[in-house]
Amino acid sequence: MNRILTQDLRFVDELGRVRILNGMNIDDKLRDQSEFRYELNEEFFKKYRARGFDLIRLAVTWQNLEPKIREYNEDYLKSIDAIFALAEKYGVYILLDMHQDLFSGNDGKSCGDGAPEWAALTDGAKPRQPIFVWADGYFFGRWVSKSFDNFWNNTPVGGVGLQDRYRDLWKMLAKRYGDSPALFGYDLMNEPFPGTLSRKIFIRLLTSAAREILTNPGVDRKTLVKAVTKMDMQTILDSLDASIIRDIMKRVDAVEAEFDFKYYSPFLNKTAAAIREVTPNGIIMMEQSYICNSGVKQSSPEITVNGKREPLQCFGPHAYDMTVDTPLYQYANAARVKAFFTEMRNTQLRLGVPCVVGEWGGCSDNTDTSWFPHAYELLDFFDELNWGQLYWDYHGDDLDAPLMRMLSRPHPVAVAGDIKSYGYNRDTKTFTLSFTSDKKGETLIYVHKPFTAEGEKCKVAEKYDNGASLISVKTDAGEHEIKIKID
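Small disclaimer: the values here were computed from a predicted structure and weren't measured.

Caption draft 1: Up close: the layout of surface pockets. Put simply, the second largest pocket is a space of about 400 Å³. Forming the boundary of the second largest pocket are 20 residues, of which M404, R405, S408, H448 and K449 lie nearest the centre. By residue number, the principal contributor to the lining of the second largest pocket is helix α14 (residues 404-407), which donates three residues.

Caption draft 2: How the structure looks around the pairing of strand β9 (residues 183-187). Across the five residues that make up β9, a large majority, five, are buried. Bridging between strand β6 (residues 93-98) and β9 involves four bridges; their strand directions are parallel. Paired with I94 across the strands is L183, a residue of β9. In this sheet, strand β10 (residues 283-286) lies alongside β9 in parallel orientation, the contact comprising three bridges. When the sheet's bridge partners are listed, Y186 is paired in β10 with I284.

Caption draft 3: Highlighting the sheet that holds strand β20 (residues 451-454). Strand order in the open sheet made by the four strands is β17-β18-β23-β20, with antiparallel pairing throughout. Only two strands of the sheet have a single partner each, and these edge strands are β17 (418-425) and β20. Going across the sheet, the axis of each strand differs from the next one's by a mean of 15 degrees, ignoring polarity. Bridge count for β17 against strand β18 (residues 430-437) is seven bridges, and the pairing is antiparallel. Paired with G423 across the two strands is T432, which belongs to β18.

Caption draft 4: Geometry of the pattern of salt bridges. The full count for this structure, using the stated rule, is 36 salt bridges. A salt bridge links D107 to R31; its shortest N-O distance comes to 3.3 Å. Taken together, the positions of D107 in the loop between β6 and α4 (136-140) and R31 in the loop between β4 (22-27) and α1 (42-50) put the pair 76 residues apart, joining distant regions of the chain. Residue classification places D107 among the partly exposed residues on the basis of a relative accessible area of 44%. Notably, a salt bridge pairs D164 with R167, separated by 3.6 Å at the nearest N-O pair. Within this pair, D164 and its partner R167 are both found in helix α6 (residues 162-177), separated by three residues, close to a single helical turn.

Caption draft 5: Representation of the sheet that holds β10 in the model. If you trace the eight strands from one edge of the open sheet to the other, you get β13-β10-β9-β6-β5-β4-β15-β14, paired in parallel fashion. The sheet is open, and its two edges are formed by β13 (313-315) and β14 (356-357), each paired on a single side. Here strand β5 (residues 55-60) runs beside β6; their pairing, made up of six bridges, is parallel. Directly across from L55, in β6, lies its bridge partner Y93. Packing of α1 onto the sheet brings it into contact with β4 and β5, and relative to β5 it is tilted by some 130 degrees.

Caption draft 6: Looking closely at the packing of aromatic side chains. If you walk through the whole model with that rule in mind, you get 42 aromatic pairs. Arranged with centres 5.7 Å apart and planes meeting at 50 degrees, the rings of Y166 and F267 form a pair that is tilted. Of the two residues, Y166 sits in helix α6 while F267 sits in helix α11 (residues 253-276), which places them 101 residues apart along the sequence. No difference in accessibility class separates Y166 from F267, as the two residues are buried. Note on F341 and W387: the rings are 6.1 Å apart at their centroids and 70 degrees apart in plane angle, and the pair reads as edge-to-face. One end of the pair, F341, is in helix α12 (residues 334-351); the other, W387, is in the loop between α13 (372-384) and β15 (388-391), and 46 residues separate them in sequence. Among the residues examined, F341 registers a relative accessible area of 0% and is labelled buried.

Caption draft 7: Structural view of empty space enclosed by the protein. Across all of its chains, the model carries three cavities of 30 Å³ or more by this definition. Its volume calculated, the largest cavity comes out at about 80 Å³. Partitioned by chemical class, the residues of the lining of the largest cavity number five nonpolar, two polar and two charged. Approximately 60 Å³ is the volume attributed to the second largest cavity. If you go around the second largest cavity, the residues you meet are W62, M98, H99, Q100, F103, G114, A115, Y166 and M189. Split into classes, the residues belonging to the lining of the second largest cavity amount to six nonpolar, three polar and no charged.

Caption draft 8: Here's a closer look at the pairing of strand β23 (residues 478-486). Note: β18 against β23, eight bridges, orientation antiparallel. Residue T430 lies in a different strand from β23, and its bridge partner there is K485. Direction of pairing for β20 relative to β23: antiparallel, over a ladder of four bridges. Looking at β23, one finds that T452 is bridged to K485.

Caption draft 9: Inspection of the side chain of S265 at higher detail. With respect to the helices and strands, the residue S265 is situated in helix α11. In contact with S265, other than residues within four places in its own chain, are D260, S300 and P301.

Caption draft 10: Highlighting unusual backbone geometry. Across the junction of W392 and D393, the peptide omega takes the value -10 degrees, indicating a cis bond. On the secondary structure map, D393 appears in the loop between β15 and α14. Located in the positive-phi region is D123, a residue other than glycine, with phi close to 55 degrees. Position of D123 relative to the elements: it lies in the loop between β6 and α4. Even without a glycine there, the phi angle at E191 is positive, about 40 degrees. With respect to the element layout, E191 can be found in the loop between β9 and α7 (197-215).

Definitions and cut-offs
Residues numbered from 1 in each chain as written. Predicted model: local features only at pLDDT ≥ 70, side-chain atom pairs only at ≥ 80, totals over all residues. Heavy atoms only, no water. 1 Å grid on protein atoms, 1.4 Å probe; cavity = no way out; pocket = protein on both sides within 12 Å on 5 of 7 lines; lining within 4 Å. Points joined across faces, edges and corners; volume = space filled by probe spheres on them. Helix = DSSP H or I, 4+ residues; strand = E, 2+ residues; numbered from the N terminus. Buried < 20%, exposed > 50% of the residue type's maximum accessible area, 1.4 Å probe, protein only. Pairing = 2+ DSSP bridges. Axes fitted to C-alpha atoms, helices over the stretch in contact; angles between N-to-C directions. Salt bridge = Lys/Arg side-chain N within 4 Å of Asp/Glu carboxyl O. Contact = heavy atoms within 4.5 Å. Phe/Tyr/Trp six-rings, centres within 6.5 Å; stacked < 30°, edge-to-face > 60°. Nonpolar A, V, L, I, M, F, W, Y, C, P; charged D, E, K, R; others polar.

Following this line, the structure appears as structure tokens:
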């Protein structure tokens, strides 16, 4: 396998080709595990590659890796070792994600996941199960805010700060997997949360939304009033559309920046430095806070190690429609989500780093095809930005589910030149890739069904049992356009 590196806004391999990585999130958020929850065996990896995927965001938790202070779970780690070994065999990269939701599961007292109970310092606030949706602990849970406050403040446990223990955990993982050819990189914390500072953020969000609805000229208030009286939820939600979403969120930017500069950036730099003490390999991913998933500006500066810019870093944004995880998801608005991702594009450009979408999706039923038009809009948007993507998330049988009709699609895998554009027209069933090269090279394209190629001479590099192919196109220097018609 070629190691994946970074070059300006692009991921590149050791041959200098631009890489567009696609895959899924595969998580283990269960507690007290002795091995990873899913059996990612040879059959899984064969199917995964055949569906066109070459990256896994492997979500693990602090609780399963270090259930007791400084006692790493060797049985669990051996199951991760086996996943890395098979990933290498089948050419699939692994992004290690230290996952959390609500900071911790609090030994079953909350619906969260992440930190072991010994690391969840709530200052006496009692965890509880959700009242509305799982995420309501972020909005109303004092135990969640206090746990994050203690983490960001590096409160000692057993004489060592919480962040320092977390840093040591990452250092152990980097030492264990840093030399694996399958390693893509390290996602240091899933959706970090600002803690008590979030109260100020949520109040500003509510007042800002009310102000925009009442005063913004882009809001049709007569229609909105009628919708409220009729409880027309789609019209009500569509009033918060892409045209005003940034106007609402911008009033929160300053408070989010306080968290990014004071807490998040120092955490990233310290944890990255620990990883670099043991290995130069692997890309370090910057996420954004949970607050930024809905279009609030992310302000963290680039990751530095010992005062110098980290050369291997990327951005991994997440975004879902605000109706996610509720029955209102049937009213999800793709334009609104694209507005969120547009703000994240601004962050990528500011940082000057490559981007792969760390999470997107929102439909937990892998047999439901009714929301595919929403998903297609987002996939096309990612293609316009030359972003790879990681769908949330895998449930064990997805590779044989209707979900693959949406996710398994033609896309460039490795491009021997500078990409001008690419995309798949579902109406004409035509994939087009345009690029410019300054030397000879081999471009690889995945197609999910039998095909006919135009423009350049193509040959099949890999043929899969489901009828899909990995196509090889060898080119000289110059302008190139490849058209592939799906039969």
